[in-house]
Amino acid sequence: MPHPETWLRVTPDGLFCEPGGFFIDPVRPVARAVITHGHADHARPGHRAVLATPETLAIMRARMGEGAGATQQAMRHGEVLRQSDVAIRLVPAGHVLGSAQVVMEWRGSRAVVSGDYKRQRDATCLPFEVVPCDVFVTEATFALPVFRHPDPAHEVAKLLRSLALFPERTHVVGCYALGKCQRLITLIRAAGWDRPIHLHGAQQPLCRLYEELGVPLGELRPATVANKAELKGAIVLAPPSAIADRWARRLAEPVTALASGWMRVRQRARTRGVELPMVISDHADWDDLNRTIDEVGAPEVWVTHGRDDALVHALAGRGIRGRALHLVGLGEDEDEAVAEAPEGGAAA
Amino acid sequence: MSVPAFAELLERLVFTPGRNAKLALLRDWFATQPDPDRGVGLAALTEELVFTAAKPMLIRDLVAARTDPVLLALSHDYVGDLAETVALIWPERAGVNAPPPALSEVVEALEVTPKAELPALIAGWLDALDSGGRLALIKLITGGLRVGVSGRLARVALAEWSGKPVEEIEEIWHGVAPPYLPIFRWLEGEAEKPDPRDAPVFRPLMLAHPLEDRDLAALDPTAYRAEWKWDGIRVQLTAGPGGRRIWSRGGEDISGGFPEILEAMDFHAVLDGELLVIRDGAVAPFADLQQRLNRKLVGPKMLRDHPVGVRLYDLLFEEGEDLRPLPFDERRRRLEDWVARHAPARMDLSAMIAFASVAQLSEVRDGARAASIEGLMLKRADSPYLAGRVKGLWWKWKRDPLSIDAVLMYAQRGHGKRSSFYSDYTFGLWRPLEGGGEELVPVGKAYSGYTDEELGWLDRWIRNHTVSRFGPVREVEKSLVLEVIFDAAQLSGRHKSGVALRFPRIARIRTDKPASEADRLENLMAYVEAGPAAEG
């Protein structure tokens with residue numbers, strides 16, 4: 001049985017499956033790409049042929065139009081595709097709508113590239129599925145034992161308590177437009193908030209797409225045309241870069257909140273000037289990373305990006321071989337980059 | 001549920017910049033929490049509760065026994081703060097059914113538990129809390145909550161919540177110990193106002209209004225008395241059988257920072273005065289006094305190099321007799337007699353300035369150039385000593401500010417309502433470079449003085465003229481001149497320019513002036529008044 005090292009290689013363009021002749025989440029335009037999910041650091045424009053779930057393809061089309069790939073092939077969960085000798089499956093990753101792990105088998109050896117994933121419940125996408133494998137390729141965004149995401153319902157309850165305490169103030173929550181925003185809406189709805197939720201212009205297209213793809217979000221209104229009085233005591237969702245910038249001046253004495261796994265660390269919240277940190281992440285936390293690795297039972301784990309030092313150390317203690325891939329270009333989506341996100345620039 | 005509730009309050013306070021929002025959070029705490037926890041929490045916030053039994057080392061040992069050393073080190077390195085690292089990394093044990101402890105339970109147990117049993121006690125609490133609760137607990141027992149709630153702010157919140165005047169609360173505050181049950185009962189209308197008896201309590205200070213031109217025109221010189229307004233910190237000295245205290249203007253107990261004054265308070269009286277660094281009879285600039293502020297303990301070197309004294313303004317109580325209803329002239333006479341009789345060490349009388357007319361007084365004011373003098377105080381001869389700022393009785397008449405034209409160098413965003421505005425400005429002046437040419441050297445930072453329109457204009461200008469960014473700071477093109485006014489310029493070893501400004505603020509935007517014509521550092525140095533330089 002060939003070791004996956006011999007057929008799944010790290011190249012400057014990203015992970016390359018040699019016998020299948022395709023890349024997974026490549027950072028530069030390639031001939032054949034398999035895309036795990038629609039976040040900009042994984043789904044980049046300009047590939048010739050793209051294979052992904054139908055939802056991911058729809059998201060790519062919405063975000064990049066013609067750049068979403070000259071030919072697009074949709075693959076549903078449960079289908080199997082043979083590319084040369086390689087059997088490919090897409091399995092839910094629980095990260096955002098359409099997100100998938102790429103399961104590849106070649107000559108009896110199986111590798112799983114998980115993309116980004118989480119194990120917490122998310123009403124907007126299918127839950128992560130455990131696939132036993134020989135090599136598990138994982139991210140390590142929150143791979144430090146200080147990162148343990150609380151129950152998101154608890155974080156949303158904080159937001160609603162703050163609204164009760166400051167009923168005249170707009171509560172503006174910074175959240176990434178793809179995935180986090182829609183998950184947050186479902187969490188807020190689940191907590192009993194049935195009033196309209198207002199959106200920054202950048203959040204609207206993907207919310208519409210989610211609804212078209214069958215994720216109900218309740219009444220949404222643009223925040224940019226609303227008058228200030230309407231925004232008193234309202235919840236407004238906006239990109240993280242907009243919550244403390246000029247755009248936010250239209251809001252009524254805003255309380256600035258930010259929904260991100262990084263909000264677990266105070267200094268991160270403080271440097272962003274966040275008043276109400278909400279620890280809500282679409283990535284696996286430390287416990288879930290380790291649990292997932294134990295469940296897939298792979299003797300070897302490759303770490304794409306993030307805190308590979310801590311994760312590889314912890315795996316060694318359990319007799320699992322860890323290998324840091326140092327893939328470039330990943331970790332630029334909201335959760336991973338929120339603390340460094342450039343200010344300004346968010347158009348209304 | 002009280003440590004978790006306290007933890008949520010702490011978290012909100014830590015991240016909330018606005019005073020009004022902080023007050024709202026505190027009012028909510030008073031209204032919703034049971035006794036004694038609300039009082040315990042209040043005392044913890046204002047740092048009136050201090051624990052010594054549990055040292056940070058104990059916490060470190062507890063966590064080290066439960067975590068992998070490499071992962072702990074990586075985590076500590078990432079998070080920075082040890083208490084926060086411990087709170088976040090603490091392994092949560094499944095099946096811990098113990099309820100989280102009440103705040104009062106924690107405080108009580110810390111006092112009675114033998115030292116050897118503390119680690120197990122604290123570990124048990126940490127097991128029963130979530131990460132926010134753990135952080136609150138660790139900060140509480142090792143000290144250093146630092147949430148930006150002063151005692152004064154807490155008392156204002158109590159006043160707003162209860163509808164009682166803040167002055168009344170302040171008068172009894174220091175006579176009642178945490179958890180302040182008699183105060184809460186009184187504020188809720190269930191008991192009489194507590195009587196502090198002999199306990200040294202803070203009496204709210206009488207404050208002055210700034211004197212405007214129209215007030216000056218209406219001023220009857222015969223009805224007022226004049227004194228220098230010294231640039232130190234206003235203090236109240238309280239001494240008697242119940243103890244000795246030095247209170248700041250806001251009613252904080254700052255006795256610990258000034259042991260030499262406390263030692264000299266061998267009397268039974270309440271006095272109002274100005275705390276100053278005084279060397280050989282001369283008052284040093286404020287920068288010298290600053291070295292002594294916000295210290296819990298002072299070393300012998302500090303005591304020797306920065307000796308403090310109190311210049312006395314007023315006598316509020318003498319041997320238990322309340323003099324506050326008496327007119328100023330009468331209190332002043334009693335003060336002079338009292339000083340003559342007691343001759344307390346490290347204290348002297350604030351001199352009265354004789355004047356016959358407003359014009360003469362104005363000359364006196366303009367003639368005062370010492371950095372340690374802010375201007376004049378005018379007190380109506382018949383004014384009783386009243387809490388707060390009562391219009392028409394006392395006036396402060398500051399010297400005209402000094403002014404320079406400086407070049408904007410860096411800008412930073414403000415906080416709270418100003419968080420989307422570049423509202424903090426670092427400005428500089430030109431100085432010659434070795435080998436010819438000139439460079440700008442920063443001389444100060446200002447974040448007030450402008451109108452809302454000017455702030456909006458400056459914000460736009462800064463965004464359009466940014467040359468680089470360092471985190472929240474933008475460096476701008478060195479082309480905008482700002483007229484900066486300030487109360488005094490003092491030598492400072494801590495500033496690159498060698499000079500520090502007192503109360504700098506933006507007076508005007510000088511779009512009419514090219515940056516090359518802004519002031520030189522030597523123009524500013526000409527304003528520095530004689531006086532010993534601050535060390536540092």
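Residues numbered from 1 in each chain as written. Chains lettered and ligands numbered in written order. Predicted model: local features only at pLDDT ≥ 70, side-chain atom pairs only at ≥ 80, totals over all residues.

- Chain B has the name DNA ligase (ATP) in an unreviewed UniProt entry, where uncultured Craurococcus sp is given as its organism.
- Annotation of chain B in UniProt includes, under Catalytic activity (unreviewed entry), the sentence "ATP + (deoxyribonucleotide)n-3'-hydroxyl + 5'-phospho-(deoxyribonucleotide)m = (deoxyribonucleotide)n+m + AMP + diphosphate." (UniProt positions renumbered as here; feature names shortened; annotations may be inferred.)

## Some thoughts on the overall build of chain B
So, point 1. A tally of helices and strands in chain B yields 20 helices and 23 strands.
So, point 2. Taking 536 residues into account, the globule formula puts the C-alpha radius of gyration at 24 Å, and chain B, at 27 Å, falls close to it.
So, point 3. Expressed as lengths along the three principal axes of its C-alpha atoms, the size of chain B is roughly 80 × 65 × 45 Å.
So, point 4. Burial analysis of chain B (536 residues in total) assigns 39% to the buried set.
So, point 5. Restricting to contacts in chain B with at least 6 residues of sequence separation, those with at least 24 account for 72%. (Helix = DSSP H or I, 4+ residues; strand = E, 2+ residues; numbered from the N terminus. Rg over C-alpha atoms; globule rule 2.2 N^0.38 Å. Buried ≥ 20, exposed ≤ 12 C-beta atoms within 10 Å, placed from the backbone. Contact = placed C-beta atoms within 7 Å.)

## Some remarks on the overall build of chain A
So, point 1. For chain A, the helix and strand inventory stands at eight helices and 19 strands.
So, point 2. The C-alpha radius of gyration of chain A comes to 20 Å, within 12% of the 20 Å expected for a compact globule of 348 residues.
So, point 3. Over its C-alpha atoms, taken along the principal directions, chain A stretches across nearly 65 × 45 × 30 Å.
So, point 4. Burial status across chain A gives 53% buried among its 348 residues.

## Focus: the pairing of strand β17 (residues 438-446) of chain B
Residue and element names in this part refer to chain B.
So, point 1. By the bridge criterion, eight bridges tie strand β16 (residues 422-432) to β17 in an arrangement that is antiparallel. Counted as the bridge partner of T426 is K445 from β17.
So, point 2. Counting the residues in the hairpin turn of β16 and β17 gives five residues, including G435, whose phi is positive at 80°. (Pairing = 2+ DSSP bridges.)

## So, the sheet that holds strand β12 (residues 373-380) of chain B
Residue and element names in this part refer to chain B.
So, point 1. Spatially, the five strands line up as an open sheet ordered β2-β14-β12-β3-β11, and their pairing is mixed. The strands lining the two open edges of the sheet, one partner per strand, are β2 (209-210) and β11 (352-353).
So, point 2. Here two bridges tie β2 to strand β14 (residues 394-398), and the two strands are oriented parallel to one another. Within β14, the position partnered with P210 by the bridge is K396.
So, point 3. Across the face of the sheet, helix α18 (residues 358-367) comes into contact with β3 (224-230), β11, β12 and β14 while running at roughly 155° to β12. (Axes fitted to C-alpha atoms, helices over the stretch in contact; angles between N-to-C directions.)

## A look at the packing of helix α2 (residues 19-32) of chain B against helix α10 (residues 151-162) of chain B
Helices that pack against each other are described as a pair by the angle of their axes relative to one another and the distance between those axes.
Residues and elements named next belong to chain B.
So, point 1. The geometry of α2 relative to α10 is characterised by a closest axis approach of 9 Å and an angle of 60° between their N-to-C directions. The angle between α2 and α10 falls in the class oblique. For the element pair α2 and α10, the recorded crossing hand is right-handed. For the pair α2 and α10, the contacting residues are K22, L23, L26, R27, F30 and A31 in the first and L153, A154, V156, A157, L158, E160 and W161 in the second.
So, point 2. For the contact of α2 with α10, the residue count by class is 10 nonpolar, no polar and three charged. (Parallel < 35°, antiparallel > 145°, perpendicular 65-115°, else oblique. Left-handed = near helix turned anticlockwise from the far one by under 90°. Nonpolar A, V, L, I, M, F, W, Y, C, P; charged D, E, K, R; others polar.)

## Let's talk about the nonpolar core
So, point 1. Among the nonpolar cores identified, the biggest contains 240 residues, and V173, L184, L237, A257 and M278 of chain A together with L137 of chain B are the most heavily contacted of them.
So, point 2. The dominant element in this core, judged by the number of residues it contributes, is helix α1 (residues 2-15) of chain B, at eight residues.
So, point 3. Aside from chain neighbours lying at most four places away, what touches L237 of chain A is V173, C175, C181, L184, I197, L199, H200 and Q203 of chain A. (Core = buried A, V, L, I, M, F, W, Y, C linked by C-beta atoms within 7 Å.)

## Details of the interface of chain B and chain A
So, point 1. Contact with chain B, which involves 21 residues of that partner, is made by 25 residues of chain A.
So, point 2. Ranked by residue count, the leading element in the side of chain B that touches chain A is helix α5 (residues 69-79) of chain B, at six residues.
So, point 3. Its residues assigned to classes, the side of chain B that touches chain A shows 10 nonpolar, eight polar and three charged.

## Details of the domain arrangement of chain B
So, point 1. Domain boundaries in chain B define domain 1 (2-142), domain 2 (206-398) and domain 3 (402-525).
So, point 2. A C-alpha centroid distance of 41 Å is found between domain 1 of chain B and domain 2 of chain B. (Domains from an automatic or database assignment.)

## Focus: the sheet that holds strand β12 (residues 171-174) of chain A
All names here are of chain A.
So, point 1. Pairing in this open sheet of six strands is parallel, and the strands run β14-β13-β15-β12-β16-β17 from one edge to the other. Only two strands of the sheet have a single neighbouring strand rather than two, namely β14 (220-222) and β17 (276-278). Within the sheet, the average angular offset between the axes of one strand and its neighbour, ignoring direction, is 30°.
So, point 2. Strands in contact with helix α2 (residues 152-165) are β12, β16 (255-259) and β17; relative to β17, the strand with the most contacts, it is inclined by about 155°.
So, point 3. Here helix α3 (residues 180-190) sits on the sheet and contacts β12, β13 (197-199), β15 (235-238) and β16; the angle it forms with β15, its principal contact strand, is near 165°.

## Some thoughts on unusual backbone geometry
All names here are of chain B.
So, point 1. Of the consecutive residues D35 and P36, the connecting peptide bond is found in the cis state with omega at 0°.
So, point 2. Within the fold, P36 resides in the loop between α2 and α3 (37-45).
So, point 3. Cis peptide bonds are those with omega within 30 degrees of zero, and the linkage from P178 to P179 qualifies with 5°.
So, point 4. By secondary structure assignment, the location of P179 is in the loop between α11 (166-173) and α12 (181-187).
So, point 5. Even without being a glycine, A343 presents a positive backbone phi close to 40°.

## Details of the domain arrangement of chain A
All names here are of chain A.
So, point 1. Segmenting chain A into domains produces domain 1 (4-146 + 282-340) and domain 2 (152-278).
So, point 2. One C-alpha centre belongs to domain 1, the other to domain 2, and the line joining them spans 28 Å.
So, point 3. With 22 residues of domain 1 at the interface, the matching set in domain 2 holds 22 residues.
So, point 4. Top element by residues in the side of domain 1 that touches domain 2 is helix α1 (residues 54-64). It accounts for four residues.
So, point 5. Its residues assigned to classes, the side of domain 1 that touches domain 2 shows 10 nonpolar, six polar and six charged.

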